[in-house]
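# Descriptive structure summary
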Amino acid sequence: MDFELNDDERALQAGLRSFLQGRFPIDAVRSIEDAGGSPSRAHWAALAEVGVFSLRRDGFGCTDAVLAFEELGRALVPGPLVASHLAASVPVLDGAADGTLVVGIVEPSQPVTMVEHLDTLDTLIVLRDDGLFAVSPSSVQGTAIERPLDALTPVTAVFDLPDGEQIAGPDVAAAWRLDGMVLTSAMQLGLCLASIDLAREYAMQREQFGRPIGSFQAVKHLLADMLTRAEVARAAVYSAGVTLDGRADRSDLQQAARTAKIMAGDAALFCGKTCIQVHGGMGFTWEVDAQRYWKRACVLDTHFGNSDHHASAFADALTTGGITNGHL
Amino acid sequence: MVLRITRADTRRAEFLVSDGASDTVGGVDLQLTDAERGFRDELRAWLAGVIPGLPAEAHRNDWPARRKYDTAWQRMLFDAGYAGVNWPREFGGRGATPTEHLIFLEETEHARAPYVGQNFVGLLHAGPTLIAEASAEQKAFHLPAILRGEHIWCQGFSEPGAGSDLASLSCRAMRDGDDYVITGQKIWTSFGHTADYCEMLVRTDPDVPKHRGITWLIVPMGLAGMDVRPLRTMEGSTEFCEVFFDEVRVPAANRIGAENDGWRVAMVTLSFERGTAFVSEMLQSMELARDLAALAKRITRNGVSAWDDAGLRRDIGRACAELDALWALTKRNISQAQRTGLVGAGGNVFKLAYAELRQRLGDLAMHVLDRASLSIDDIGELPTHAHVKGRIHALSLGIAAGTSQVQRNIVAERILGLPKDR
């Protein structure tokens, strides 16, 4: 048993972090926000070139993808990253891997289906229990929302979603959901870590009553709670990645993925709001990125089922013997 | 800078190219190795053979009988080669890796083997300290007796005036010839009324900064001038004692380390933690959590079961997911200890999260039991004892071995590097 990243995994993580610091520094992300919130084709091509979408085809596993998506979440990179990554693997949509095809995903809901980044999509995949359905974005009639919750996640309200053309069956849909949950949880973990860095930096530098606010226990304990939630989430997220790769002594993939999505989802919301709290009045401004982390956490919580949904599902599995992790 | 992540970029990927093997090379791997499986199977077989023949557990208030029960189990472990499973081989232990220690704790819990009980301080605290700091004679005398279950140890660290601020302890030891003469009081001394020896921190120099005037002593129990008074906890039981010292003479030869170097000796002990401290607890909590779902279906009020309450059900699901995550964190901590010899930040993080979660789980159990929670004892076939006692026990988790507030200070200052507020 070994839970430590090896040199290759560290190299992958560090390499991607350094790429993102160069290509997607927070200033660049804010510029994307000013330009409407969706990444440009050039951005997408850069992400493709580094291998974000083709990772799995190149022989890497879910754990490797988890490390990559943690960094994407940390850097607040916008766009349908998980959907395009999944579309480059199974079933293969031509162009998804090299970034020429921007693929989005949506689960239908009533009375309205909220589609993200619609204007930039080449293909919209509708994820249903009975399969994946491809919809041409130009055929989707909807109302572009003027003020999306997250300015980096533009949304369109769709009241009549086309059925689309079935491209995969229930098994692939279930696999997408499972992978999607884990990769989203990795991005949520990244949001936690970015929120902690930002809050820590501010707590060290901001002075009141003649000393840094980070020296007050009341503030320290907020930061300690952020780190605690993030590290518990990290264990759950990495463990889920390893479980999906078949390198853990457990067979309940669903529960492993649910645990990751619940823990990372709740942690990202907690870290985001606590980062705002640590910043005081500044935390409530548009200028400070704390709001961006919290808002993205709100968006990602809705992807592939929110934490409440999965907590209920986890409970149901308790009584149907669907859990195989040790004594649980 | 453009970094293309391709197969050729990493050693694992190269392996994939050259061997065409699946992705099982290196990196995070939570499966047991063949050696670990072998250790587990051997232990499992031994447990299956001995557990059915164990005597009945002693009554909770019959301390002499409980001592006999705990030490008899320790002797069985010793005879089978499982005593001090994580102690180094040269001192009579099995030299198990942290992962093997985890397996030991998992398997003993699974087999419902007796707990470490009164052997706790000797095996997990005093023993490791002696291994690190004691003289050859001290080791030769004490270590085998701990492993064989012949000596029970207790701990005399905390005092009424020295809790979170342990270094401010004031129990005085004056040097008089070849003896120390101890006067003062200790508190929270688990098993003080059944122990043979006490690992003790005493004030040997009151005129220097507090950390520099402390000495670590082995104190035999039952000496003249010593008064042990059981301390009843909110559970109604008396695991803890207060110990009063009135000019108790202890040979200076019982000192571990140098005079006034006791704080360092005590801190060395803390570094022995390998991430396994809460494994048995965690396993019990996971089992209670699963039982809770079944229990919630059985207990009804006005014809409606607790399980029919979607909110309660979701809360239970969330608590179970968190236990699942903390189990992953436990493995991560143990892995790190196996690699580096230290748990590091993960230990503080785990304790903070677990103390909070265990309370929440306890609250849920009380809600599920509803009126049945008014009994600490089992009611017929209802397993109220485990849940209600567990709920009460959970209140101690954020207090014992460093309060959650102290843990948060440690996380904030040592891990996040925030300024000290002193």
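Overview of the structure. Computed from a predicted model, the values in this text were never measured in an experiment.

## Regarding the overall build of chain B
From N to C terminus, chain B includes 12 helices and 10 strands. Scaling as 2.2 N^0.38, a compact globule of 422 residues should have a C-alpha radius of gyration of about 22 Å, and chain B matches this with 24 Å. For the C-alpha atoms alone, the extent of chain B along its principal axes is close to 70 × 65 × 50 Å. Considering only contacts within chain B whose residues lie at least 6 apart along the sequence, 69% involve residues at least 24 apart. The positive charge centre, built from 49 side chains, and the negative charge centre, built from 55, are 4 Å apart in chain B.

## Things to note about the overall build of chain A
Along the backbone of chain A there are 10 helices and nine strands. Relative to the compact-globule value of 20 Å for 328 residues, chain A shows a C-alpha radius of gyration of 19 Å, a close match. Principal axes of the C-alpha set define a box for chain A whose edges measure 65 × 50 × 40 Å. Put simply, of all contacts in chain A between residues at least 6 apart along the chain, 71% involve residues at least 24 apart. As displayed, chain A has an accessible area near 11,700 Å², and 52% of this comes from carbon and sulfur atoms. On chain A, the mean spot of the 25 positive side-chain charges and the mean spot of the 42 negative ones are 7 Å from each other.

## Some words on a nonpolar patch on the surface
Residue and element names in this part refer to chain B. A contiguous nonpolar surface patch, about 230 Å² in accessible area, is contributed by Val116, Phe120 and Leu124. Note on placement: Val116 falls in the loop between α4 (98-110) and α5 (120-133). On the basis of relative accessibility, which here comes to 30%, the residue Val116 falls in the partly exposed class.

## Topic: the nonpolar core
Ranked by internal contacts, the top residues of the largest apolar core, which has 182 residues, are Leu47 and Phe69 of chain A. Tallying contributions element by element places helix α6 (residues 170-205) of chain A first for this core, with 18 residues. Ala126, Leu143, Leu166 and Val265 of chain B belong to the second-largest nonpolar core, a separate cluster that totals 26 residues.

## Quick notes on the interface of chain A and chain B
It is common to report an interface's size as the accessible area lost on association of the parts. With 72 residues of chain A in contact, the opposing surface of chain B contributes 73 residues. Roughly 6,800 Å² of surface becomes buried between chain A and chain B when both sides are summed, with 58% attributable to carbon and sulfur atoms. Between the two partners, chain A and chain B, sit 10 salt bridges. For the interface between chain A and chain B, the tally reads 23 residue pairs in polar contact (both at pLDDT 80 or more). Broken down by secondary-structure element, the contributors of at least two residues to the side of chain A that touches chain B are α1 (7-23), α3 (41-50), α6, β9 (211-212), α7 (217-244), α8 (253-278) and α10 (307-320) of chain A. Top contributing element to the side of chain A that touches chain B by residue count: α7 of chain A, with 15 residues. For the side of chain A that touches chain B, the class distribution of residues is 29 nonpolar, 21 polar and 22 charged.

## A word on the packing of aromatic side chains
Residues and elements named next belong to chain B. Evaluated as defined, the whole model comprises 13 aromatic pairs over all chains. Consider the rings of Phe141 and Tyr197, whose centres lie 6.4 Å apart with planes at 85°: the pair is edge-to-face. Of the two residues, Phe141 is situated in helix α6 (residues 136-147) and Tyr197 in strand β4 (residues 197-203); the sequence distance between them amounts to 56 residues. Judged by its relative accessible area of 47%, Phe141 is partly exposed. With relative accessibility at 14%, the residue Tyr197 sits in the buried group. Taking the centre distance of 5.9 Å and the plane angle of 55° together, the rings of Phe278 and Tyr354 count as tilted. Of this pair, Phe278 sits in the loop between α7 (262-270) and α8 (279-298) while Tyr354 sits in helix α10 (residues 345-369), and the two are 76 residues apart along the sequence. As far as burial versus exposure is concerned, Phe278 and Tyr354 are alike and both buried.

## A few points about the layout of surface pockets
Residue and element names in this part refer to chain A. Reported here for the second largest pocket is a volume of approximately 740 Å³. Along the walls of the second largest pocket sit 33 residues, with Met114, Glu116, Val299, Thr302 and His303 positioned nearest its centre. For the lining of the second largest pocket, the element with the most residues is helix α9 (residues 290-301), which contributes four residues. Tallied by class, the residues present in the lining of the second largest pocket amount to 20 nonpolar, nine polar and four charged.

## Description of the sheet that holds strand β3 (residues 123-128) of chain A
All names here are of chain A. The strand order across the open sheet formed by four strands is β1-β3-β4-β7, and the pairing between neighbours is mixed. Both edges of this open sheet fall to β1 (103-106) and β7 (165-168), since each of them pairs with a single strand only. Between one strand and the next, the sheet's axes are offset by a mean angle of 35°, whatever the strand orientation.

Calculation notes
- Residues numbered from 1 in each chain as written.
- Chains lettered and ligands numbered in written order.
- Predicted model: local features only at pLDDT ≥ 70, side-chain atom pairs only at ≥ 80, totals over all residues.
- Heavy atoms only, no water.
- Helix = DSSP H or I, 4+ residues; strand = E, 2+ residues; numbered from the N terminus.
- Rg over C-alpha atoms; globule rule 2.2 N^0.38 Å.
- Contact = heavy atoms within 4.5 Å.
- Lys, Arg positive; Asp, Glu negative; His and termini not counted.
- Charge placed at Lys NZ, Arg CZ, Asp CG, Glu CD.
- Areas by Shrake-Rupley, 256 points an atom, 1.4 Å probe, with all protein chains shown as cover.
- Patch = residues over 30% accessible without salt bridge, like charges linked within 9 Å, V, L, I, M, F, W, Y side chains within 5 Å.
- Salt bridge = Lys/Arg side-chain N within 4 Å of Asp/Glu carboxyl O.
- Buried < 20%, exposed > 50% of the residue type's maximum accessible area, 1.4 Å probe, protein only.
- Core = buried A, V, L, I, M, F, W, Y, C linked by side-chain atoms within 4.5 Å.
- Buried area = accessible area lost by both parts, 1.4 Å probe.
- Polar contact = N/O pair within 3.5 Å; in protein donor to acceptor, adjacent residues only side chain to side chain.
- Nonpolar A, V, L, I, M, F, W, Y, C, P; charged D, E, K, R; others polar.
- Phe/Tyr/Trp six-rings, centres within 6.5 Å; stacked < 30°, edge-to-face > 60°.
- 1 Å grid on protein atoms, 1.4 Å probe; cavity = no way out; pocket = protein on both sides within 12 Å on 5 of 7 lines; lining within 4 Å.
- Points joined across faces, edges and corners; volume = space filled by probe spheres on them.
- Pairing = 2+ DSSP bridges.
- Axes fitted to C-alpha atoms, helices over the stretch in contact; angles between N-to-C directions.

None of the figures reported here should be taken as evidence of function without further support.
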